[in-house]
Amino acid sequence: MATPAPIQSGGDRFEIAETRVNVPPEMQCLQTADAALSDFASRYLAYRHPLRFFSNDPSRRCDTYYLSPWMVMAVVDVASAERFESPLRGQNILEFHYRISGAIELAGSWGECRVFEPACLLWFQPTGCDDASERLGEALRGRETWVSLYCDRVWLDQVNEGAAAILESALSPDEGSAVLPRFRAGPHIGATVPLLREIVRADRGDPLQWLYASAKANELLYVTLSNIGAFAPRDSGHLKLTERDRKQLHLIRDVLAANFVAPPRLPDLARRAGMNYSKLCTAFRQLFGETTAEFVRRQRLEFAHGLLRSSDLQVQQIAMQAGYAHHGSFTAAFARQFGYSPKQVRRPTAPLAR
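For clarity, every value in this text was computed on a predicted model and none was experimentally measured. (Residues numbered from 1 in each chain as written. Predicted model: local features only at pLDDT ≥ 70, side-chain atom pairs only at ≥ 80, totals over all residues. Heavy atoms only, no water.)

Draft legend 1. Quick peek at the overall build of the chain. Within the chain, the regular secondary structure consists of 12 helices and 14 strands. Looking at the chain residue by residue over its 354 residues, the buried ones come to 50%. Taking the intrachain contacts of the chain between residues at least 6 apart in sequence as the baseline, contacts between residues at least 24 apart amount to 75%. For the chain, the exposed area adds up to about 16200 Å²; of that, 52% sits on carbon and sulfur atoms. (Helix = DSSP H or I, 4+ residues; strand = E, 2+ residues; numbered from the N terminus. Buried < 20%, exposed > 50% of the residue type's maximum accessible area, 1.4 Å probe, protein only. Contact = heavy atoms within 4.5 Å. Areas by Shrake-Rupley, 256 points an atom, 1.4 Å probe, with all protein chains shown as cover.)

What follows is the structure, given as structure tokens:
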């Protein structure tokens with residue numbers, strides 16, 4: 001189970017490459033077949049380029065656990081100095097992406113999906129759909145810390161009929177197309193947070209810790225599937241969005257992003273976009289995976305988070321600059337979003353900000 005040392009690429013920069021964490025010889029009896037040689041493992045390797053980050057810190061990790069012939073787990077915890085970008089090839093893989101810090105962006109001609117810390121993303125790219133690319137390692141956002149479970153969709157459908165039905169509903173395609181990526185994003189389910197911490201902290205070189213990480217990965221999947229209803233769409237049906245609708249929704253999102261402190265009234269934006277208020281609200285969430293209010297709140301809090309890291313302004317001043325009139329409401333919203341208070345951002349003991 002020895003792990004290759006990071007490759008020094010000049011000066012104090014190190015290349016942190018994706019490393020396969022093999023099943024310890026003592027634990028091979030727990031697998032009926034070599035998961036790393038399975039058909040699903042080959043599909044995972046074809047899904048995207050191997051992960052690779054450049055960092056000034058050689059001690060961090062970028063590991064891949066081949067847990068079974070139908071599930072792979074990636075564990076990343078690295079202070080990335082550059083972006084990692086890769087095209088994604090549809091392999092009928094359902095990804096449960098649990099982001100702790102940093103950001104991920106997925107984009108294509110269908111639109112884009114952006115998830116920031118902390119949040120959970122369900123991502124499904126059917127076989128034959130190659131119109132997507134991912135970007136990780138936003139340098140200005142610092143540490144990349146996340147766990148992803150990559151699961152065979154057919155196998156998941158066999159695990160539990162109820163969960164499979166909810167997944168199908170949550171990931172149902174827009175416009176009746178079967179060749180577009182499908183996704184849902186939302187806050188972490190509370191029970192997953194301690195599991196994620198334990199997985200990130202597990203010692204990959206210890207056979208007993210491999211068993212522990214494997215058990216926690218299966219528990220993480222169990223908790224997610226048991227609460228999968230949280231990702232089901234709030235509306236019973238999907239709107240059929242035209243290309244013009246999509247362009248107008250992207251423009252509306254850009255307006256909200258540029259004016260999150262004092263956003264325009266939605267009825268006014270709806271009239272400018274040529275759609276009614278109800279359609280705007282439903283279509284926005286359908287396309288971007290969050291409501292307009294959730295988007296504006298996230299923009300405010302991410303802006304505030306950046307100021308807390310980069311400025312010496314008082315928390316109350318930052319709250320006002322982010323659009324919050326009351327310090328208390330800002331602190332409560334910040335804690336719900338990030339899992340820790342604004343003051344903890346400036347402390348070295350902030351959760352998972354190692």
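Draft legend 2. Just helix α6 (residues 243–258), in detail. With 16 residues, α6 ought to run about 22 Å at 1.5 Å a step, and its terminal C-alpha atoms sit 23 Å apart, in line with that. Where α6 is buried, its residues touch β10 (111–116), α7 (266–273), α8 (277–288) and α9 (292–310). (Expected span 1.5 Å × (residues − 1).)

Draft legend 3. Fine view of the packing of α6 against α8. Contact geometry of α6 with α8 gives a least axis separation of 10 Å together with a crossing angle of 90 degrees. The orientation of α6 relative to α8 falls into the category roughly perpendicular. Residues D245, R246, L249, H250, I252, R253 and L256 of α6 form the contact with α8, whose own contacting residues are K279, L280, A283, F284, L287 and F288. Among the residues making up the contact of α6 with α8, the classes are represented as eight nonpolar, one polar and four charged. (Axes fitted to C-alpha atoms, helices over the stretch in contact; angles between N-to-C directions. Parallel < 35°, antiparallel > 145°, perpendicular 65-115°, else oblique. Nonpolar A, V, L, I, M, F, W, Y, C, P; charged D, E, K, R; others polar.)

Draft legend 4. Highlighting the sheet that holds strand β6 (residues 71–79). With mixed pairing, seven strands are arranged side by side in an open sheet as β3-β5-β6-β13-β8-β11-β14. The sheet is open, and its two edges are formed by β3 (19–21) and β14 (182–186), each paired on a single side. The average angle at which neighbouring strand axes cross in this sheet is 15 degrees, direction not considered. In this sheet, β14 lies alongside strand β11 (residues 119–125) in antiparallel orientation, the contact comprising five bridges. Opposite F124, over in β14, you have R182 as the bridge partner. (Pairing = 2+ DSSP bridges.)

Draft legend 5. Here's a closer look at the nonpolar core. The biggest cluster of nonpolar side chains holds 38 residues, and the ones touching the most others in it are M73, F96, L149 and L221. Per-element accounting of this core gives the leading share, seven residues, to helix α5 (residues 207–226). Once residues lying within four places of it in the same chain are set aside, the contact partners of F96 are L121, L122, V147, S148, L149, C151, L156, L221, T224, L225 and I228. Membership of the second largest hydrophobic core comes to 32 residues, among which are F53, A74, W123 and A132. (Core = buried A, V, L, I, M, F, W, Y, C linked by side-chain atoms within 4.5 Å.)

Draft legend 6. Region of the structure containing α8. Given a rise of 1.5 Å per residue, 12 residues ought to cover 16 Å, and the 17 Å separating the end C-alpha atoms of α8 matches this to within 8%. Among all positions in α8, only L280, A283, F284, R285, Q286, L287 and F288 are buried. Buried residues along α8 sit against β10, β14, α6, α7 and α9. Looking at where α8 begins, the residue whose side-chain oxygen comes 2.6 Å from the main-chain nitrogen of K279 is N276. G289 sits one or two residues past α8 and shows a positive phi near 80 degrees. (Polar contact = N/O pair within 3.5 Å; in protein donor to acceptor, adjacent residues only side chain to side chain.)

Draft legend 7. Local environment of the pattern of salt bridges. The final tally for this structure, using the stated rule, is 19 salt bridges. Put simply, R114 and E105 hold a salt bridge, and the shortest N to O gap is 3.4 Å. E105 is paired through a salt bridge with R135; the nearest N and O atoms lie 3.5 Å apart. Placement of the pair is E105 in strand β9 (residues 103–108) and R135 in strand β12 (residues 133–136), with a sequence separation of 30 residues. Since its relative accessible area comes to 17%, E105 is described here as buried. Owing to a relative accessible area of 26%, R135 belongs among the partly exposed residues under this scheme. Here the salt bridges do not stand alone but share partners, grouping E85, E105, R114 and R135 into one network. (Salt bridge = Lys/Arg side-chain N within 4 Å of Asp/Glu carboxyl O.)

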